[in-house]
Amino acid sequence: MDKIAVLDFGGQYAHLIANRVRRMGVYSEILDGTAPAQKLKDYMGIILSGGPASVNAPESPKADAGIYELGVPVLGICYGHQMTAYALGGEVEPGVMSEYGPAVVKFQQKKGIFEGLENEEKVWMSHFDQVVKVPEGFEIVGGTEDCPIAAMADYKRNFYSMQFHPEVTHTPCGKQIFENFIALTGAKREWNLDQYVEKMMEEIKMKVGGKKVFLMISGGVDSTVAFLLLEKVLGSDRVYGLFVDTGFMRMNERKEVEEALKSVGIGNLHVYDASEEYFAALKEIYEPEKKRQIIGDLFLDIQEKVSERLGLNPDEWFLGQGTIYPDTIETGGTRHADVIKTHHNQVERIKKLDEAGKVIEPLKQLYKDEVRLVGERLGLPEHLVWRHPFPGPGLAVRCLCAKGLDNIESKESLEAEMQQIADRFGMKIKVLPIKSVGVQGDERTYRHPALVYGKPLSWDDLDTLSSRLTNQFKGVNRVVYGLSPDAFDSFVVDPSDLSRERISTIQQADMIVMNYLAEAKINREIWQFPTVLLPLKVNNQSGESLVLRPVCSEEAMTANFYRMDFEKLNELIKRLIGLKGISAVFYDVTNKPPGTIEWE
Ligand code: XMP
């Protein structure tokens, strides 16, 4: 089968590139970024991924220069764009401004893989460094306001590269760029998802042999599809599910999940209430990564405990999980990738068990949108296939904890500088004394959110303001819009951990939001809607703050904040502000990157 290679430099989207190529029918494989050119001789084209490093750093991963001698088309993306410049005699430097999220490229030329594009195209960016001089034989193809060499080409040798990410859905012209690249390579389109599922089923059969699978199941689409797939291959007596109620689920969720699983014929299910264990283990834990590690480890402890109680012989049973690819990549699952956040199903102990061949994760190579397609093929009802994603650690990662007020470096000067930008939009600005997780230039960040407030502003303006702030100021990775109260004069952060009381507050807020989405009939246009509780008391009020974080996405690797109709939003705020324990409501206006979807 004809194939295209993706060289992985640790970019968050390296796997997504291969996924895009495969979706277009061409088989694609991922190799380490430093793979020798010798190993790449059988590929019809080579794509260099993004990555968190800087090409100028001596220790950063470098492509074998021999790949440019193989005579096949080469496409460099982000770090791969910079790698191409570096390898062939161009120059790369840190940009004056970083770019995260949306930007507009003006194309001066539209030939080769840029054929068919408009003069101006919306693209998605995530970078600090940029190419400042193209190598000999290359021409500048297009640029943005902050990145003049956003695309370059050597048409003779069929080398193309770009600073933006054509592989994410937020770069609408990306599909055309890949179509053109594939056409240039001449690779035949011989690959499809059905074939892949067949292959996956064969692999399950081979791996499991005569053994059985004890699968961690949450009621979400990933683990449900994994269960049904395993059951289809192994038969219902060889797959058993464990549903752990961590105490961080949505209100009434345990009952609903049990019913939903029963309705699709999943009867082999053991339910375990672990809320006591979880609240005890997370007492006085404030750091997001620490929380995530404890949560992941405890899932495993409980699985072992229940296995023992049920008398299951560990030599006869595999541990099954509904892991999908973003869980792996965000946990730093490839050689050059940064840990963005530890997903509950990818803690070190699981990785060790996996290395020992004791774990089965049939969906590990897929993205949410593909899992949904597999779910549809397996006959899963629509409401389960399209359920909003919910993270394994549940509300625990939406209930922010703090030891106290977090000091902001050079607060006064930072706020004064940011105010100059906010002034252009007639807004006031503050930096919030808590932190959240983000992903910028393929790196994890843990920084402060900026708060803008003061008057009604259009979503377009909020989007522009948000990108300007996160691109320009290293101290912030997220921007929220203050909805209620009207002014934010002072902030207090009391020591707060994961208490039952706080989880109950967020459960109630989440239920109000979820019910309202259904009532207002907007739950299908929103991909996911986390409601986040901040231990932030505003204007000497006793209640804490809520953040609304609705996003649009396809596979969670990139996302836009959702632009809710303002009338609907006002109605929702009214309902939330009446909730005991809540005195302020914010709306997250950050895309991914620079912010992740969840706050921790
Ligand atoms: P972020 O916050 O990284 O989230 O943009 C991307 C998607 O992953 C979900 N998420 C998780 N899912 N275990 C999961 O099963 C986890 O530990 C976890 N953390 C985040 C998140 O809800 C979003 O859909």
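Numbering of residues starts from 1 in every chain and runs along the sequence as written. Restriction of local features to residues with pLDDT of at least 70 applies here, the model being predicted, together with a cutoff of 80 or more for giving and counting side-chain atom pairs; totals for whole chains, interfaces and linings are based on all residues. Only heavy atoms go into the side-chain values, all of them from the structure, while hydrogens and water stay out.

Undergrad: Let's hear about the nonpolar core: which residues, and what values?
TA: To qualify as a nonpolar core, a set must consist of buried Ala, Val, Leu, Ile, Met, Phe, Trp, Tyr and Cys residues joined through side-chain atoms within 4.5 Å. Burial classes: relative accessible area under 20% of the type maximum marks a residue as buried, over 50% as exposed, and values in between as partly exposed (1.4 Å probe, protein chains only). Residues Tyr-278, Tyr-481, Leu-548 and Tyr-587 are the most contacted members of the largest nonpolar core, which totals 78 residues. Examining the composition of this core, we find that eight residues originate from one element, helix 15 (residues 500–519), more than from any other. What counts as a domain boundary in this text is fixed by an automatic or database domain assignment. Residue-level mapping places this core at the junction of two domains, with at least three residues from each of domain 2 (193–393) and domain 3 (411–588). Note on contacts: a residue pair is in contact if any heavy atoms of the two residues lie within 4.5 Å. For Tyr-278, the residues in contact, after removing those within four places along its chain, are Val-244, Thr-246, Phe-248, Ile-295, Leu-298, Phe-299 and Ile-302. Counting 39 residues, the second largest nonpolar core, distinct from the first, contains Ile-266, Phe-318, Leu-366 and Val-371. Numbered from the N terminus, helices here are DSSP runs of H or I no shorter than four residues, and strands are runs of E no shorter than two.

Undergrad: Tell me about the sheet that holds strand 12 (residues 269–273), and please be specific about residues and values.
TA: Paired strands, as defined in this entry, are two strands with at least two bridges between them according to DSSP. Spatially, five strands are ordered 12-11-10-13-14 in an open sheet, and the strand pairing comes out parallel. Of all strands in the sheet, those with a lone pairing partner are strand 12 and strand 14 (359–360), marking the two edges. Bridging between strand 13 (residues 317–320) and strand 14 involves two bridges; their strand directions are parallel. When the sheet's bridge partners are listed, Gly-320 is paired in strand 14 with Ile-360. A fitted line through C-alpha atoms serves as each axis, taken over the contacting stretch for helices, and the angle formed by two N-to-C directions is quoted from 0 to 180°. Helix-sheet contacts for helix 5 (residues 221–234) involve strand 10 (212–216), strand 11 (239–245) and strand 14, and the interaxial angle to strand 10 is about 170 degrees.

Undergrad: Tell me about the environment of Pro-166, residues and numbers included.
TA: Looking at the secondary structure, you find Pro-166 in the loop between strand 9 (159–162) and helix 3 (174–185). Note on Pro-166: relative accessible area 2%, which makes it buried. In this structure the C-alpha to C-alpha distance between Pro-166 and Ala-153, which are 13 residues apart in sequence, comes to 15 Å. The contacts of Pro-166, once residues within four sequence positions are left out, are Ile-77, Thr-171, Gly-174, Lys-175, Ile-177 and Phe-178.

Undergrad: Please provide a residue-by-residue account of the packing of aromatic side chains, values included.
TA: The pairing test for Phe, Tyr and Trp rings, Trp by its six-membered ring, is centres within 6.5 Å, and the orientation test on the planes gives stacked under 30 degrees, edge-to-face over 60, and tilted for anything in between. The final tally for this structure, using the stated rule, is 20 aromatic pairs. With a centroid separation of 6.4 Å and 75 degrees between ring planes, the pair formed by Trp-459 and Tyr-481 is classed as edge-to-face. With a gap of 22 residues between them, Trp-459 in helix 14 (residues 459–472) and Tyr-481 in strand 18 (residues 476–484) connect regions that are remote in the sequence. Take Tyr-481: its relative accessible area is 6%, and that puts it in the buried class. One aromatic cluster is present, formed by Phe-107, Phe-114, Tyr-155, Tyr-160 and Phe-164 through successive ring pairs. We count a charge as sitting over a ring when the NZ of a lysine or the CZ of an arginine lies within 6 Å of the ring centre and within 35 degrees of the ring normal. Geometry around Tyr-43 places Lys-3 over its ring, the cationic atom sitting 4.7 Å from the centre. Geometry around Tyr-155 places Lys-111 over its ring, the cationic atom sitting 4.2 Å from the centre.

Undergrad: Residue-level account of the packing of helix 4 (residues 193–208) against helix 5, with values.
TA: Packing of helix 4 against helix 5 leaves a shortest axis separation of 10 Å and a crossing angle of 65 degrees. It follows from the interaxial angle that helix 4 and helix 5 lie roughly perpendicular. Handedness of the helix 4/helix 5 crossing: right-handed. Contacts between helix 4 and helix 5 involve Val-197, Met-200, Met-201, Ile-204, Lys-205 and Val-208 from the former and Leu-229, Leu-230, Lys-232, Val-233 and Leu-234 from the latter. When an angle is under 35 degrees it counts as roughly parallel; over 145 it counts as roughly antiparallel; between 65 and 115 it counts as roughly perpendicular; any other value is oblique. Left-handed describes a crossing whose near helix is turned anticlockwise from the far helix by less than a right angle; the clockwise case is right-handed.

Undergrad: Describe in detail unusual backbone geometry, supporting the description with residues and values.
TA: That bond from Ser-484 to Pro-485 is cis: its omega, 5 degrees, falls within 30 degrees of zero. Here Pro-485 shows up in the loop between strand 18 and strand 19 (491–492). Despite not being glycine, Cys-78 has its phi angle at roughly 55 degrees, a positive value. Looking at the secondary structure, you find Cys-78 in the loop between strand 4 (74–77) and helix 2 (79–88). Judged by its relative accessible area of 3%, Cys-78 falls in the buried class. We note that Asn-252 has phi near 60 degrees; this positive angle belongs to a residue other than glycine. Assignment of secondary structure puts Asn-252 in the loop between strand 11 and helix 6 (253–263).

Undergrad: An account of the site of the ligand is requested, with residue identities and associated values reported.
TA: Inspection of the region around the ligand gives 16 residues, with Glu-330, Lys-341, Lys-592, Ile-597 and Glu-598 positioned closest. One of the side-chain N or O atoms of His-344 is found 2.8 Å from a nitrogen atom in the ligand. Note that an oxygen atom of the ligand is positioned 2.7 Å from one of the backbone N or O atoms of Ile-597. Calculation of accessible area relied on Shrake-Rupley with a 1.4 Å probe; when residues are assessed, cover is drawn exclusively from the protein chains displayed. Bound to the protein, the ligand loses 93% of the 500 Å² it would expose on its own. Under the scheme applied here, ten amino acids are nonpolar (Ala, Val, Leu, Ile, Met, Phe, Trp, Tyr, Cys and Pro), four are charged (Asp, Glu, Lys and Arg), and all others, including Gly, are polar. Looking at the shell around the ligand residue by residue, the classes come out as six nonpolar, five polar and five charged. Both domains that furnish three or more residues to the shell around the ligand are identified here as domain 2 (193–393) and domain 3 (411–588). Note on terminology: near, applied to a residue and a molecule or strand, indicates that one of the residue's heavy atoms is within 4 Å of it. Under this definition, polar contacts are N or O atom pairs within 3.5 Å; protein pairs additionally need one hydrogen-donor-capable and one acceptor-capable atom, and for neighbouring residues in sequence, both atoms have to be side-chain atoms.

Undergrad: Go over the state of the cysteines with me, naming the residues and quoting the values.
TA: Cysteine sulfur pairs qualify as disulfides if the two atoms are within 2.5 Å. Counted by the stated rule, this structure contains zero disulfides. Of all cysteine sulfurs, the one in Cys-401 lies closest to Cys-399, which takes part in no disulfide; the gap is 5.3 Å.

Undergrad: Just give me the short version of the pattern of salt bridges, but keep the residues and values in it.
TA: Any carboxyl oxygen of Asp or Glu that lies within 4 Å of a side-chain nitrogen of Lys or Arg is treated as forming a salt bridge with it. For the coordinates displayed, the defined rule picks out 41 salt bridges. Lys-411 is the salt-bridge partner of Glu-415, the closest N and O atoms lying 3.6 Å from each other. One end of the pair, Glu-415, and the other, Lys-411, are both in helix 13 (residues 411–423), four residues apart, so they sit about a helical turn from each other. Residue Asp-588 pairs with Arg-549 through a salt bridge whose shortest N-O separation is 3.2 Å. With Asp-588 in strand 25 (residues 582–588) and Arg-549 in the loop between strand 22 (544–548) and strand 23 (551–552), the pair connects residues that are 39 residues apart, well separated along the chain. We note that Asp-588, like Arg-549, is buried.

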